[in-house]
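Now for the letters of each chain:
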Amino acid sequence: MSARPIPPIAGARPMTCQAGTVLFRPTDECPGFVSVHEGTIKVSLTGPGGREIVLYRVKPGDVCLQTFACLADGRTYTAEGIAETDIVAEIIPLPVYERLMAEDSAFRAHISSAIAHRFADFEHLVESLALTGLEARLAEALLRLADPSGEIQMTHEALAAEIGSAREVVSRQLARFARSGLVDSSRGRVKILRRQGLEQKTHEA
């Protein structure tokens, strides 16, 4: 669940971009603290073999841990951030950010709370990868990503990145779900047919 958006900050630079824009890549310098007002940023990591995993998403009120770490430790980005939707945001320059953290207790409390929630997301991710089977992880991802009509507009490769797996493995599992009547899968689209059946799969090891 996202926190309340951070109000506009004096001294911040407005930023707008279209969906699909790459906002940062590994080794990029951090221009300042990103405060999202509208839209979603997807942050992912790609391994040496090319396999991608989605680490988290940044929505209004959320903290990007990559950006926070860069500002706190003076290092460069180690993951990639892409605008998943059109974005309206602000870039808070480092001097302004440091002043707010030192002098504004409400801002500091908001950042601390958002970081705590972000770490809880990471704990869930690690637990899922280490202790949950592929079938349950994929079922959970489909339920989480579906729109109100039960559709997921994503490729098998993108779904694989959501659960830390390979495209061909996800394709085989989706085919099994389809044979069981749980989903209908086509190119770039998955439709949930039996939500309760998928929910049962999330509880299986």
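The following refers to the structure shown.

How each quantity is defined
Residues numbered from 1 in each chain as written. Predicted model: local features only at pLDDT ≥ 70, side-chain atom pairs only at ≥ 80, totals over all residues. Heavy atoms only, no water. Pairing = 2+ DSSP bridges. Helix = DSSP H or I, 4+ residues; strand = E, 2+ residues; numbered from the N terminus. Axes fitted to C-alpha atoms, helices over the stretch in contact; angles between N-to-C directions. Parallel < 35°, antiparallel > 145°, perpendicular 65-115°, else oblique. Contact = heavy atoms within 4.5 Å. Nonpolar A, V, L, I, M, F, W, Y, C, P; charged D, E, K, R; others polar. Phe/Tyr/Trp six-rings, centres within 6.5 Å; stacked < 30°, edge-to-face > 60°. Buried < 20%, exposed > 50% of the residue type's maximum accessible area, 1.4 Å probe, protein only. Arc of directions from axis to C-beta.

### Here's the deal with the sheet that holds strand β7 (residues 87-92)
Then, number 1: Read across the open sheet, the 3 strands follow the order β1-β7-β3; overall the sheet is antiparallel. The open sheet has two free edges, formed respectively by β1 (13-17) and β3 (33-38), since each of these has just one partner strand. Averaged over neighbouring strand pairs, the angle between their axes works out to 30 degrees when direction is ignored.
Then, number 2: Bridge count for β3 against β7 is 5 bridges, and the pairing is antiparallel. By the bridge assignment, Val36 is partnered in β7 with Ala89.

### Focus: the packing of helix α5 (residues 156-163) against helix α6 (residues 167-179)
Then, number 1: Close contact between α5 and α6 brings their axes to 8 Å; oriented N to C, the two are set at 100 degrees. If you check the angle between α5 and α6, you find them roughly perpendicular. On α6, the residues that touch His156, Glu157, Leu159, Ala160 and Ile163 of α5 are Arg167, Val170, Ser171 and Leu174.
Then, number 2: Class assignment for the residues of the contact of α5 with α6 results in 5 nonpolar, 2 polar and 2 charged.

### Remarks on the packing of aromatic side chains
Then, number 1: A full pass over the atoms with the stated rule returns 5 aromatic pairs.
Then, number 2: When the ring of Phe24 is compared with that of Tyr77, the centres are 3.9 Å apart and the planes differ by 10 degrees; the resulting orientation is stacked. Of this pair, Phe24 sits in strand β2 (residues 22-24) while Tyr77 sits in the loop between α1 (65-73) and β6 (80-83); the two residues are 53 residues apart in sequence, bridging distant segments of the chain. Here Phe24 matches Tyr77 in class, with each residue buried.
Then, number 3: Ring centres 6.3 Å apart and planes at 70 degrees place the aromatic pair Phe33 and Phe107 in the edge-to-face group. Here Phe33 is found in strand β3, whereas its partner Phe107 is found in helix α3 (residues 105-131), with 74 residues between them in sequence.
Then, number 4: The class of Phe33 is buried, set by a relative accessible area of 1%.
Then, number 5: For Phe107, a relative accessible area of 6% translates into the label buried.

### Examining helix α2 (residues 94-103)
Then, number 1: Val96, Tyr97 and Leu100 are the residues of α2 that are buried. For α2, the arc enclosing every buried residue in end-on projection is 100 degrees, short of the 170-degree limit, so these residues lie on one face. Turned more than 90 degrees away from the buried face of α2 sit Pro95, Ala102 and Glu103, all of them exposed.
Then, number 2: For α2, the elements touching its buried residues are β3, α1, β7 and α3.

### Focus on the side chain of Thr40
Then, number 1: Relative to the assigned elements, Thr40 resides in the loop between β3 and β4 (41-46).
Then, number 2: When residues no more than four places from it in sequence are discounted, the contact partners of Thr40 are Arg57, Val58, Lys59, Ile82, Ala83, Glu84, Thr85 and Ile87.

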